[in-house]
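# A structural walkthrough
Listed below are the residues making up each chain.
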Amino acid sequence: MITTITLNVSVDKAYHINETVESGKVIRVATCNMTAGGKGLNVSRVIKMCGEDVLATGFVGGHTGALVEDLLQKDEIKSKFVHTKGETRNCINILDQDNVSTEFLEPGAPVSEEEKNLFIKEFDEILDKTNVVTISGSSPQGLDKDIYRVLIDMVKKKGKKVILDTSGELLKEGIKACPTMIKPNSEEMESLLGVGINNREEIINSAIKLHKSGIEIVVVSLGGEGALLVSEDGIYQGKPPKIEAVNTVGCGDSMVAAFAVGFERGYSPVESLKYAVSVSAANALTSSTGSFIKEDAYKIFEDIKIIKI
Ligand SMILES: Nc1ncnc2c1ncn2[C@@H]1O[C@H](COP(=O)(O)OP(=O)(O)O)[C@@H](O)[C@H]1O
Ligand SMILES: O=P(O)(O)OC[C@H]1O[C@](O)(COP(=O)(O)O)[C@@H](O)[C@@H]1O
């Protein structure tokens, strides 16, 4: 089983509008899609769509939290959340007539020390039934910046695999525990290493540096250019064919999900790269966040170029 951790859950609303976003204007929404969000729940949905068993964990609270549990149940995704006194947040993604996306991400309600300790206790028990763990996104107020380091240490002590996909201080602290894999984009890697990254060579050198620091698999996502993978098997780029992207929100989460599925199925890093590029590119073809059509992924898979560097 794959377990996903989403400490900062949300209800994601995708607003489709038939104009462009301008401040000071009243905008009527044409259609609204609602999904269980926070990066880790997008990951959970995509894992389920790939056909693997997944358990979603983290914190939920109040009416919005209950709605998230409902939405997951409708997608037949198992969950075991710690219930908080604070209310779960909302995140809004406005997609305009040209499919340009503008996101508003609310902060998460505070988590108390007691709620955190309960999560750690329950997670320790869940780990015994889990092969792969994904940790995604931001953390709510009330948790220390080393929370992911603590959780990764727990996973690694039990000999399981763990993917960390976050940014800023959480990523800086988290990598001290050497997760099995990280998936920064180049801006996240710039901030992590404190250097400017302006070209392909600098991306490769930065990823090699992170791999050498003890992270088994470093995947740098490159948007429409696919992703670069550094592991002990070598350096590879997975390049998707050119597609007409509709909504790229959740592409990073889809990539993490597909790598987790690859670990669960025992794929090699390069096989996982090809699979993950096809699933994440297929996500860009649907308007719904963290979702893909299998036929799109199959078609894209056939046309992916794997380039050895
Ligand atoms: N326009 C696109 N065309 C094809 N694939 C895409 C596109 N945008 C994203 N992807 C796929 O999704 C993955 C993650 O997207 P990216 O935007 O790089 O991540 P993040 O959302 O984490 O910044 C990419 O590595 C790629 O495989
Ligand atoms: O969990 P975080 O880091 O606060 O991010 C929250 C939001 O980011 C998104 O996952 C989109 O992020 P990506 O496009 O980077 O995958 C939203 O769906 C989500 O609610």
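Residues numbered from 1 in each chain as written. Chains lettered and ligands numbered in written order. Predicted model: local features only at pLDDT ≥ 70, side-chain atom pairs only at ≥ 80, totals over all residues. Heavy atoms only, no water.

The chain carries the name Tagatose-6-phosphate kinase in an unreviewed UniProt entry, which gives Intestinibacter bartlettii as its organism. Taken from UniProt, the Function (unreviewed entry) comment for the chain reads in full: "Catalyzes the ATP-dependent phosphorylation of fructose-l-phosphate to fructose-l,6-bisphosphate." (UniProt positions renumbered as here; feature names shortened; annotations may be inferred.)

The subject of this paragraph is the pairing of strand S6 (residues 89-95). Across the 7 residues that make up S6, a large majority, 6, are buried. Judged from the 7 bridges that link them, strand S2 (residues 10-16) and S6 form a sheet pairing that is parallel. Looking at S6, one finds that Asp12 is bridged to Cys91. Of the pairings in the sheet, the one linking S6 to strand S7 (residues 101-105) comprises 5 bridges and is antiparallel in character. Considered in S7, the bridge of Ile94 is made with Thr102. (Buried < 20%, exposed > 50% of the residue type's maximum accessible area, 1.4 Å probe, protein only. Helix = DSSP H or I, 4+ residues; strand = E, 2+ residues; numbered from the N terminus. Pairing = 2+ DSSP bridges.)

Taken together, 15 residues form the shell around ligand 2, and within it Asp12, Lys39, Arg89, Ser138 and Gly250 come nearest. Note that an oxygen atom of ligand 2 is positioned 3.0 Å from one of the side-chain N or O atoms of Asn42. Mapped by element, the contributors of at least two residues to the shell around ligand 2 are S2, helix H1 (39-50), S6 and S7. For the shell around ligand 2, the per-class residue count stands at 3 nonpolar, 7 polar and 5 charged. (Near = heavy atom within 4 Å. Polar contact = N/O pair within 3.5 Å; in protein donor to acceptor, adjacent residues only side chain to side chain. Nonpolar A, V, L, I, M, F, W, Y, C, P; charged D, E, K, R; others polar.)

Bringing the sheet that holds strand S12 (residues 227-231) into the picture now. Pairing is mixed across the open sheet formed by 10 strands, whose spatial order is S5-S4-S1-S8-S9-S10-S11-S12-S13-S14. Lying at the two open borders of the sheet, with one neighbouring strand each, are strand S5 (78-84) and strand S14 (305-308). Sheet topology note: the strand S4 (residues 54-61)/S5 ladder contains 7 bridges and is parallel. When the sheet's bridge partners are listed, Phe59 is paired in S5 with Val82. Of the strands in this sheet, strand S1 (2-6), S4, S5 and strand S8 (132-136) touch H1, which is tilted by about 155° from S1. (Contact = heavy atoms within 4.5 Å. Axes fitted to C-alpha atoms, helices over the stretch in contact; angles between N-to-C directions.)

Now for helix H7 (residues 200-212). Taking 1.5 Å per residue as the helical rise, H7 with its 13 residues ought to reach 18 Å, and the 18 Å between its terminal C-alpha atoms agrees with that figure. On the buried face of H7, the contacting elements are strand S10 (181-182), helix H6 (186-193), strand S11 (217-221), S12 and strand S13 (234-239). The distance from a side-chain oxygen at the start of H7 to the backbone nitrogen of Glu201 is 3.2 Å, and the residue carrying that oxygen is Asn199. (Expected span 1.5 Å × (residues − 1).)

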